[in-house]
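Remarks on the overall topology
One-letter residues, chain by chain:
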Amino acid sequence: MSNLPPERPEEPGDDALARMFAAEESEIRDDGFSRRVVEQAHDGIGWRRTAVYGAGMAGFGVALASLIDLAPHLPAMTGWFDGVSLSLREVGQGTIDATSITIAAVIAGVSFTLAAVFAQER
Amino acid sequence: MDLTHAAMAGDRAAFGQLVARHQASVRALARRLARSASDGDDIAQSAFLTAWRRRSTWRGGSFRGWVCMIAYREFLATRKGVRTETSDEDQPGADGETGERLDLTRAMAALDESERAAVALCIGAGLSHTEAALVMDAPLGSVKSWVLRGRAKLQKALVAYQPA
């Protein structure tokens, strides 16, 4: 009977590990992956995304216009918001030019849209 | 002009060739990080597309290393706030995984996240410790330590999986 310790399997060395990783990698077939990536690799701004953001901003504009319509009915408020409420009521009463407000809202909307699009592209 | 420079100058055909050349290593890295073939492929695809969009920021050097860095960051971004759910398809042993490959997948899954990332980058993707430290935005010493510990754990685990 032998006094030798039971034989232990040998730990895989660095080369063996690297070989196992390489074998795993070599089993990955392209299967259309490269084609899909290249198909989606476009230059410039994504027009679909722009349309989505644009629609969102158009909704924002409509909501803002509705707010202006509601202005005469807004309750008087105290504090800093009082000034905003007062301004809106003045818009509703025609004291402030509503066209200027609309133009400012459109410019703000377009700026926001462009900023969002470029932020997505970065 | 070599292929990488042509691709980075906006040549889509050259970019396609680069993707075809490096897709396996980037997908392998992403799969190991995500511990899921489907999530890994999504990350790899996203990394290549990000590389295309941001090609003006490429400052030379290895394209593969650069995409691996992007893939690692994409992985971190997708992982934020999302608990990884593995489907049956992604479990070890699915998709015809057998023998050695299954053992490696299981052993990798048992590593800590930092160890797994460091091992996947250095031993799997063949990046140097310095490159991996840049990719992981971690101190070089930590990366070396993660690789060392991860490799030791892998070696121990793979012995255990070997048939008696």
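Residues numbered from 1 in each chain as written. Chains lettered and ligands numbered in written order. Predicted model: local features only at pLDDT ≥ 70, side-chain atom pairs only at ≥ 80, totals over all residues.

In terms of regular secondary structure, chain B is built from eight helices and zero strands. Ordering the α and β elements of chain B from the N terminus gives α-α-α-α-α-α-α-α. Counting over 164 residues, chain B shows a buried share of 42%. Restricting the contact set of chain B to residue pairs at least 6 apart, pairs at least 24 apart contribute 60%. (Helix = DSSP H or I, 4+ residues; strand = E, 2+ residues; numbered from the N terminus. Buried ≥ 20, exposed ≤ 12 C-beta atoms within 10 Å, placed from the backbone. Contact = placed C-beta atoms within 7 Å.)

Here we take up helix α3 (residues 37-53) of chain B. Over its 17 residues, α3 of chain B extends 24 Å from the first C-alpha to the last, a length consistent with the 24 Å expected when each residue adds 1.5 Å. At its buried positions, α3 of chain B is contacted by α2 (33-40) of chain A together with α2 (12-34) and α4 (63-79) of chain B. (Expected span 1.5 Å × (residues − 1).)

This next bit is on the packing of α2 of chain B against α3 of chain B. All names here are of chain B. One way to put it is that α2 packs onto α3 with a least axis distance of 8 Å and a crossing angle of 135°. Considering the angle they form, α2 stands oblique to α3. With respect to the hand of their crossing, α2 and α3 are arranged in right-handed fashion. Packed against α2, whose contacting residues are F15, V19, Q23, V26, R27, A30, R31, L33 and A34, the element α3 presents A37, D39, G40, D41, I43, A44, A47, F48 and W52 at the interface. Looking at the contact of α2 with α3, its residues break down into 12 nonpolar, two polar and four charged. (Axes fitted to C-alpha atoms, helices over the stretch in contact; angles between N-to-C directions. Parallel < 35°, antiparallel > 145°, perpendicular 65-115°, else oblique. Left-handed = near helix turned anticlockwise from the far one by under 90°. Nonpolar A, V, L, I, M, F, W, Y, C, P; charged D, E, K, R; others polar.)

Listed by partner, the interface residues are 20 residues for chain A and 28 residues for chain B. Of all the elements in the fold, those that place two or more residues in the side of chain A that touches chain B are α1 (14-26) and α2 of chain A. Per-element tally for the side of chain A that touches chain B: the top contributor is α1 of chain A, with seven residues.

Residue and element names in this part refer to chain B. Secondary-structure assignment places R31 in helix α2. A C-alpha to C-alpha distance of 9.2 Å links R31 and D42, two positions 11 residues apart in sequence. Apart from residues no more than four positions distant in its own chain, R31 is found in contact with S36, A37 and G40.

Residue and element names in this part refer to chain B. Formed by 54 residues in total, the largest nonpolar core has its most connected members in L29, V67, C68, A71, A118 and L121. Among the domains, domain 1 (1-87) and domain 2 (98-164) are the pair contributing at least three residues each to this core. If we ignore the near neighbours within four places in the chain, the residues touching A118 are A132, M136, V143, W146, V147 and G150. (Core = buried A, V, L, I, M, F, W, Y, C linked by C-beta atoms within 7 Å. Domains from an automatic or database assignment.)

All names here are of chain B. Positive phi outside glycine occurs at R35, with the angle close to 55°. Along the chain, R35 falls in the loop between α2 and α3. According to the C-beta neighbour criterion, R35 is partly exposed, with 18 such atoms within 10 Å. Here the phi dihedral of D137 falls at roughly 55°; this positive angle occurs in a residue that is not glycine. Checked against the element boundaries, D137 lands in the loop between α7 (129-136) and α8 (140-161).

By themselves, these figures tell us nothing about what the structure is for.
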